[in-house]
Every structure is written in C-alpha cells, then in structure tokens.
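Close look at the chain arrangement
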Amino acid sequence: MSLVAEALVSQIAGKVPFIHVGNQVVSELGPIVQFVKAKGHSLSDGLDEVQKAEMKAYMELVNNMLLTAELYLQWCDDATVGEITHARYGSPYPWPLNHILAYQKQWEVKRKMKAIGWGNKTLDQVLEDVDQCCQALSQRLGTQPYFFNKQPTELDALVFGHLYTILTTQMTNDELSEKVKNYSNLLAFCRRIEQHYFGKGSSSIRLS
Amino acid sequence: MAAPLELSCWGGGWGLPSVHSDSLVVMAYAKFSGAPLKVNVIDNNWRGSRGDVPVLTTEDNTISQPAKILNFLRKQKYNADYELSAKQGADTLAYIALLEEKLLPAVLHTFWVESDNYFTVTKPWFASRMPFPLSLILPGRMSKGALNRILLTRGEPPFYHLREVEAQIYRDAKECLNLLSNRLGTSQFFFGDMPSTLDAYVFGFLAPLYKVRFPKVQLQEHLKQLSNLCRFCDDILNSYFRVSLGDLHVQKVKPRGPATTSVKFTVASSLYERLLALCQHLSPPHFPSALQYRSLFATRQ
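Residues numbered from 1 in each chain as written. Chains lettered and ligands numbered in written order. Predicted model: local features only at pLDDT ≥ 70, side-chain atom pairs only at ≥ 80, totals over all residues. Heavy atoms only, no water.

With that settled, consider the overall build of chain A. Secondary structure assignment for chain A yields 9 helices and 2 strands. Taken from N to C terminus, the helices and strands of chain A fall in the order α-β-β-α-α-α-α-α-α-α-α. Sequence separation of at least 24 residues holds for 65% of the intrachain contacts in chain A that already meet a minimum separation of 6. Element-wise, carbon and sulfur atoms account for 51% of the exposed surface of chain A, whose accessible area totals about 10,500 Å². (Helix = DSSP H or I, 4+ residues; strand = E, 2+ residues; numbered from the N terminus. Contact = heavy atoms within 4.5 Å. Areas by Shrake-Rupley, 256 points an atom, 1.4 Å probe, with all protein chains shown as cover.)

Let's shift gears to the UniProt feature "domain: Metaxin glutathione S-transferase" (unreviewed entry) in chain A. Feature annotation in UniProt assigns "domain: Metaxin glutathione S-transferase" (unreviewed entry) to the following positions: residues 131-193 of chain A. With 68% helix and 0% strand, residues 131-193 of chain A has its two end C-alpha atoms placed 22 Å apart. (UniProt positions renumbered as here; feature names shortened; annotations may be inferred.)

In this section: the interface of chain A and chain B. Counting residues at the interface gives 21 residues for chain A, matched by 25 residues for chain B. Each partner contributes to the roughly 2,200 Å² buried at the junction of chain A and chain B, and carbon and sulfur atoms together form 61% of this total. When residues of chain A are sorted by the area they lose upon contact with chain B, Glu-60, Asn-64 and Arg-111 of chain A head the list and together hold 21% of the total. Measuring nitrogen to oxygen at the nearest pair gives 3.6 Å for the salt bridge that ties Lys-102 of chain B to Glu-60 of chain A. Applying the counting rule to chain A against chain B returns 5 residue pairs in polar contact (both at pLDDT 80 or more). Contributions of two or more residues to the side of chain A that touches chain B are made by α3 (49-75), α5 (97-115) and α6 (123-141) of chain A. Taken together, the residues of the side of chain A that touches chain B break down into 8 nonpolar, 4 polar and 9 charged. (Buried area = accessible area lost by both parts, 1.4 Å probe. Salt bridge = Lys/Arg side-chain N within 4 Å of Asp/Glu carboxyl O. Polar contact = N/O pair within 3.5 Å; in protein donor to acceptor, adjacent residues only side chain to side chain. Nonpolar A, V, L, I, M, F, W, Y, C, P; charged D, E, K, R; others polar.)

Given two aromatic rings, one states the distance between the centres and the angle between the planes to describe the pair. Applying the stated criterion to the full structure yields 13 aromatic pairs over all chains. For the ring pair Phe-111 of chain B and Phe-214 of chain B, a centre distance of 4.9 Å and an interplane angle of 85 degrees mean the geometry is edge-to-face. Of the two residues, Phe-111 of chain B sits in helix α4 (residues 86-113) while Phe-214 of chain B sits in the loop between α8 (197-211) and α9 (218-225), which places them 103 residues apart along the sequence. Given the relative accessible area of 9%, Phe-214 of chain B is considered buried. Each residue in the set Trp-10, Trp-112, Tyr-118, Phe-119, Trp-125 and Phe-126 of chain B is aromatic and connected to the rest through ring pairs, giving one cluster. The ring centre of Trp-118 of chain A lies 4.1 Å from the NZ or CZ of Lys-121 of chain A, which sits over that ring. Between Arg-140 of chain A and the ring centre of Phe-148 of chain A, over which it is positioned, the NZ or CZ distance is 4.8 Å. (Phe/Tyr/Trp six-rings, centres within 6.5 Å; stacked < 30°, edge-to-face > 60°. Buried < 20%, exposed > 50% of the residue type's maximum accessible area, 1.4 Å probe, protein only. Lys NZ or Arg CZ within 6 Å of the ring centre and 35° of its normal.)

Another aspect to go through is the confidence of the model for chain A. All names here are of chain A. On average, residues of chain A score 80 in pLDDT, and 83% of them reach the 70 mark or higher. Looking over chain A, one finds the lowest element-wise mean pLDDT in helix α1 (residues 2-8), namely 45, and the highest in α6, namely 90. With pLDDT under 50 throughout, residues 1-14 is counted as low confidence; its partners more than four residues away or in other chains account for 30 contacts. (pLDDT = per-residue confidence, 0-100.)

Residue and element names in this part refer to chain B. Sheet topology places strand β1 (residues 5-9) next to strand β2 (residues 37-42); 5 bridges connect them, and they run parallel. In the strand pairing of β2, Cys-9 is matched with Val-41. Tracing the backbone out of β1, into helix α1 (residues 21-33) and back to the parallel element β2 gives a crossover that is right-handed. (Pairing = 2+ DSSP bridges. Right-handed = clockwise from strand over helix to strand, strands pointing away.)

Residue and element names in this part refer to chain B. With respect to the secondary-structure elements, Asn-228 resides in helix α10 (residues 227-240). The class for Asn-228 is buried, based on a relative accessible area of 12%. Within polar-contact distance, the side chain of Asn-228 engages the side chain of Ser-181 at 2.7 Å. If near-sequence neighbours (up to four positions away) are discounted, Asn-228 is found in contact with Ser-181, Leu-184 and Gly-185.

Bringing the state of the cysteines into the picture now. Here a disulfide denotes a covalent bond joining the sulfur atom of one cysteine to the sulfur atom of another. In this structure the tally under the stated criterion is 0 disulfides over all chains. No disulfide involves Cys-233 of chain B; its sulfur sits 6.7 Å from that of Cys-230 of chain B, the nearest cysteine. (Disulfide = S-S within 2.5 Å.)

Moving on, we come to the UniProt feature "domain: Metaxin glutathione S-transferase" (unreviewed entry) in chain B. Per the UniProt record, "domain: Metaxin glutathione S-transferase" (unreviewed entry) is annotated on residues 173-236 of chain B. For residues 173-236 of chain B, the end-to-end C-alpha separation is 22 Å, with 70% helix and 0% strand making up the annotated structure.

In structure tokens form, the structure reads like this:
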C-alpha cells in the first residue's frame, strides 16, 4: 500500500495529495482511503470494531494536535512566517499576488486558530501539546513494528507522513523536530517505513 | 484546610446539572475524582460569549477551559486516572480528540445553528439566564461563535458554505457515536469499573444531546438507538448527580436589577425532598427541571 503512504508525504500543503485514476481525481487522505477501499484494497480489514475505533481516534489525535501545531508553526510564529512561509507560499505567483495571497492565507489560519481556542497559545504551549501527542503515540506504539502490530494501517501512514515531514523539513527553529526525536521508537518507526516502502538505502532523517 | 474551589458555570435543565458540555465535563470529573467543588450557577456572564465558562476560582488563580481545569485538579491530587496504564492514558487523549473533531461540530450545530432548535429552545433558555440587555446580544454572539467554529474547521476557504458541510458533520457525528458505542461495549465505564477523564468528556458531550428536548432531533434519535451510551449517561446521572440535600451545592446568583435579590432559604430536609419530588413530577418537558426550584430553597450551611 505504498500508494497511500507516498501520497502522505506532502499532506501539509492543503489539497495535495491527490491521486489521478483514469478520469477521476481524488484528493486528501480520507477520500483517497475510501476510494482505494472501494476498489477492494483496505489496510484495516483485519481489525476488529474496537481496534477500528481506536485507529480512528488516534488519527483524529494526529489531525487535532500535530496538524494544527504544524499550521501554527508555519503561519502564527512570526520568525518562521517572515523567513520561510511567506516566500514559499507566494513563490508561484507574480507580484503583488504573492504578498496578497500569503497574507490572506495567514489571516485565514489565524481565524481558524482563534475559533478552536489556539489563538492565545504561545509557542511553548504548542510545543508542549506536540510533546503530549508524541508521548501518546509513542506509548501506543510501544515496541511493536506498527501501531496495530504486524501490518501497517491508515494510522501508520498518517503518522509517518506527519513525523517524516517534521523531521526532514528545515525550519527556523528545530524545536518541533527535537520534540519528536525524544521518542526513539517513533524515530525507528519512521526509518523502518522509509527504508521498507520507499527503498532508500540510508535514511534522510538526521539525528542532529 | 484546603482552599475552597469554586466553579462558575451555566446551569442545569432537563434533569442535567448543566446543559453546557464543557461545564458538565468539569462537574463530572470533580465527582469522579472527589474534588470538593462549590458550583456557582452564573446568570449574567460576559464570559460566556468569549468561551470562558466554565471558570474555576481558587484563592490564588482563575482557570478556564476544561483541559486546564482538569490538569489543575490533578495537580491538587484529585486524579481520576491514577489507575490507568500509560496506554490507556494515551487512548484517553485520542478519544477526546475524536470527540472534539467529529462530534462537537454536529452538537454545536444542533444547539446553536439549526434554526428551529436555536430559536425555540437554546436561545430562550440562555436568554432567560441573562439580564436585559445582554439577553438580546449574548445568545446571538454564542450562536455566531458556534457557526464560525464549524465553518472554519470544516468549510472550504474562502467562501465558507454551511450547506456543504452540514451533511458531512452529521455523518461524522453519527460515525463517532457508533465508534464510542463499539468501544464501550457492555462495560460500565470506558476503562473498567471506575470512571476516568474519558468518561467525564464523553458524558459531558453526550448528556446534553441525550436529554435536551429539541424539535429537530436527527442526531439525538441516532444516539437513542445506541442503548449502551444512553445507559452510560443515565448511570452517571443516577450515581453521581442524584439531586439530594447532602450532595450538590448550588447557589444561584441573580444579576443586580430592578426586581432581583439573591435568594437563600434553609428548610428541613424531609420536607424539601418531598417538595422536590413533587416539582420533578410536575415540571413539563420543555422547561428546566426541578434543579431550578431546588436552588431557590436550599443551601448547605
């Protein structure tokens, strides 16, 4: 199921990933998983009802905490916004569109943060939330190779996508990736998937 | 002697100690962990519109938001989770995220956005607990806040359309309820025989949906079909929130205005209990329950 796993590497960018099948285009993780399931492939068929509930709950945890923290860091942390995000987001467009679209996106993200109660959070509080989330994932993973023992599921794909991006994307401060690196089983998990499914001889996850 | 802990929150109705999910989460957790909370039902409350209710006041601090209040209570050694394993603690976090992402938008919609429900039930209820002219302004603000939250988290920028997301949020909520029901199974609580943080959150989110009588009830109907979740709510209400003189402190603080005073009476407990039972029988379904009447009569010395 490397199709789903590969698609996740660029999930942060919004409507990407998408898959193109014949004359159909399906975007974002949820619909892609449903589409692939309709074609007869599913990673979570072997799970019982309680495990499926757990899997969905952990996927929401990742969306709730990790995704929101990534958005916060990209758009609400002034240092990162000024040095990286603004330029990167506006780069496909000519002046003045690049500035206008970047500011508009920043305003939208800030509105969303305020609506869900993250508007007044400091960077430290956000990093603490990320730490809590990683701790929960680490405890759930334990010493198993994947979250539901021997076979990877949608949850493994989602977690890999987020953690890999955090670990390999260069930001102005490395605190986010440092938080993840504190959990050795999560690091080992990412390396394992990278080497097994993406066939890289050596990992691109740096330790320091 | 421990510093008194006071919780300010929205009041109760329809057999619930509070109709507000966040307030109910904190009250349930306090019951489960044995924290001695003095509950102040607040009527005139600017904080409501800014999402600050419930608020815990101690001698030194003021804390808002259920997660922070629960953290504080744990630090004060009122911990409902001390018997849980590390994995169960992690599961708690995950299920709370599930509730907030999948169930909360539809609950907000049922209470605050669906016009029949909002105008016939929610708005009159909240407006009756606010002094004029706040009663004209605050409910609208709370409704707008709820709509904003739904659209910003589920809608597509830049033109957020409610119609596009309505069907999806109800589908997600029903799926979430099914998942919770599967996870609970036949157990009494989510982690064995003792209630924990997760039970408080699930109770807080489900009980208002279960008990408040609305005209438009699609999500409520779905919940009522999941008998183990209904049993879960009823068990907690009966075991921890049975209204009796010895249990709950409820002091109703009315706003200063032309015809209001704060009212406290003390009556003999047997006479009170009989009066309470009579009121519970008589109160019609769409009016707040006997908890309202109770607060007029009793306060613990």
